[in-house]
Every structure is written in C-alpha cells, then in structure tokens.
Amino acid sequence: MNSHIPFQIPLSVSLRDDTRFENFGPQGNELACATLKAAAGGDGEQFLYIWGDEGVGCTHLLQACYYQAQDMKRSAAYLPLDELELMGPAVLAGMERLDLVCLDNVQKVIGDAKWEEGLFHFFNRMRQENNCLVMAANAAPQKLGVQLPDLLSRMTWGITSQIHPLAEEYKRDVFVRRAASRGIDLAEDVVKYLFSHTSHDMKDLYDLLDKLDQASLSAKRKVTIPFVKEVTGM
C-alpha cells in the first residue's frame, strides 16, 4: 500500500455510503463482479473497463471498488469525470501512486484532445507504478468515438465487461435488501404496491427509497402504503 500520496483530491465528489458489493444484485454479472472485487483487493487484472446503459449499476460497482479498497487499507480514489471534466486532465496528476483509481463516466471527456492525451499518459503512469485502474463508460471502448488511437489501444489492455440490467425476477429481492440495510422493514404489501405503481429501473427505485427513507426519518413513521401515497402521491 502507498501510505504517502503527494497530492490532494481537488474537491469532494459524491459517493453514496450504500454502494457496496453486498448491495448489488450480481445476477447476470457474476464474473464482472468477481473480477472487480479481486481488483479492489489488489489481485487479478491491472486494467478493467466496464460499460453499460444508464441505471445498470456501473457507478455503483466503481464506488463499491473504492470502498472495498478502503476497507482493506489500500489507497484509492473514485473520480466521476462528468463532475471533473472542466478541471482538465491535470486532475489526474500524482494519482498513479494510488493502489486503485476508479474513473467513472469516461465518455464525458472522450473527443476532447487534451483529455484523451491526458488519459493516455495516465494509463502509462499507472502501468509503470503497477497500480490498478478501473474505468466505466456507457459504451464499449470501440464505440466511444476515441480519436487518439494509442488511447483506444490502452483502453483495451485489460478485461472489458458489459454490465447487464438486473433481470426482473431479482429486482424485488435486491430492493428489499437495500431497504433492510438502511433499517427499513418493507412489508410484502408495500413492496407489491411500489412495484405496481412505479418504474422498475433500479436507479429510479433507489431514488424512491432515498425519498421514503428521508420522509420516514423526518416524520418518525413506518413505511406503509398510506405513507407511500402521502409522500409520493401515487
């Protein structure tokens, strides 16, 4: 582990405290999850690239990698490039000394010549330091429209995995487990009501859970069907 890192993360990026591997439904993505866990722990491939449509869980998995590394006393950073785009590739300076770097929403900086060159050099520095780089985007490397051929070759150095949407039959169990991890005990009738009146997209479901959790804590009330109707207007 690198205990002395000569840089400061330039700003606080948004990390959810419940984005752990334990809270992710791995069904259909078992191999990718296992590979990411290994990387977070310092084993396996040095370079990993995951991709998928919005809402399938790429951000969740990158943040889970970050937390897993932290739990194992490894130095790590999670950087959402959609939030850091305007800062330019200088934001990466010195981060190659970290055990693990997770770059999210890479598609946001592709097509920018300075960013592409910066990412290319960052790959080389990470390789030289023998540290792990995990990237996520909304498409496979070959479909991103990368302008710099050398960068595209770097992005395919390691394992590339598509993250597939969670099958419908697993969504309820994952949702109920996520609620339980936050201390919310959802009765079966409440779960059935929610799933019959709202989007089944996991991001939408988690946003709904956040809303219900905050309202429940504020009102000091249990999450029941009448309470759901009152909070959401369903």
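For every chain, the first residue of the written sequence is number 1, and numbering continues from 1 along that sequence. Per-residue local features of the predicted model are confined to residues with pLDDT of at least 70, and side-chain atom pairs are confined, for both listing and counting, to 80 or more; whole-chain, interface and lining totals are unaffected and use all residues. The side-chain numbers reported here are obtained from all heavy atoms of the structure, hydrogens and water having been left aside.

S.K.: Just checking my understanding: could you explain the environment of V146 for this structure?
M.R.: Note on conventions: DSSP H or I runs of at least 4 residues are helices, E runs of at least 2 residues are strands, and numbering of each starts at the N terminus. In this fold, V146 is placed in the loop between β4 (132-137) and α5 (149-155). Here the term buried applies to any residue with accessible area under 20% of the maximum for its type, exposed to any over 50%, and partly exposed to those in between, with areas from a 1.4 Å probe on protein chains only. A relative accessible area of 15% means that V146 is categorised as buried. Along the sequence, V146 and D207 sit 61 residues apart, while their C-alpha atoms lie 32 Å from each other. Residues are treated as being in contact if the distance between any of their heavy atoms lies within 4.5 Å. Excluding residues within four positions of it along the chain, V146 makes contact with I110, E116, P141, L151, L152 and M155.

S.K.: I would appreciate a short explanation of the state of the cysteines in the present structure.
M.R.: What we call a disulfide is simply a covalent bond connecting the sulfur atoms of a pair of cysteines. Two cysteine sulfurs form what is called a disulfide whenever their separation falls within 2.5 Å. Throughout the structure, instances matching the rule amount to zero disulfides. Here C102 stays free of any disulfide, with the sulfur of C65 as its closest cysteine sulfur at 5.0 Å. Free of any disulfide, C132 has its nearest cysteine sulfur in C102, 7.4 Å distant. Using a relative accessible area of 7% as the deciding quantity, one classes C132 as buried.

S.K.: Looking at this structure, I do not really get the nonpolar core. What am I missing?
M.R.: Across soluble globular proteins, nonpolar side chains have a tendency to be buried as a group. In this structure, V101, L103, V106, L119, L133 and M155 are the most contacted members of the largest nonpolar core, which totals 31 residues. When residues of this core are traced back to their parent elements, those giving at least two are β1 (47-51), β2 (76-80), α3 (81-84), β3 (100-104), α4 (113-129), β4 and α5. Here this core gets six residues from one element, more than from any other, and that element is α4. Setting aside residues no more than four positions away along its own chain, L103 makes contact with L62, L79, L81, L92, L119, F122, L133, V134, M135 and A136. Here the nonpolar core consists of buried residues drawn from Ala, Val, Leu, Ile, Met, Phe, Trp, Tyr and Cys, with membership extended through side-chain atoms lying within 4.5 Å. F21, A39, A40 and V134 belong to the second largest nonpolar core, which has 26 residues in total.

S.K.: Sorry if this is basic, but what is going on with helix α8 (residues 202-219) here?
M.R.: Helix span, as expected, comes to 1.5 Å for every residue beyond the first. Along its 18 residues, α8 runs 25 Å from first to last C-alpha, staying within 8% of the 26 Å computed at 1.5 Å per residue. When we look at burial in α8, the residues that qualify are M202, L205, Y206, L208, L209, D210, L212, D213 and S216. Here the buried face of α8 lies against α6 (168-181), α7 (188-197) and α9 (225-232). Polar contact is defined as a pair of N or O atoms within 3.5 Å, subject to the rule that within protein one atom must be able to donate a hydrogen and the other to accept it, and that residues adjacent in sequence are counted only when both atoms are side-chain atoms. Two or three places before K203, at the opening of α8, D201 has a side-chain oxygen 3.0 Å from that residue's backbone nitrogen. Following α8 by one or two positions, K220 has its phi on the positive side, about 55°.

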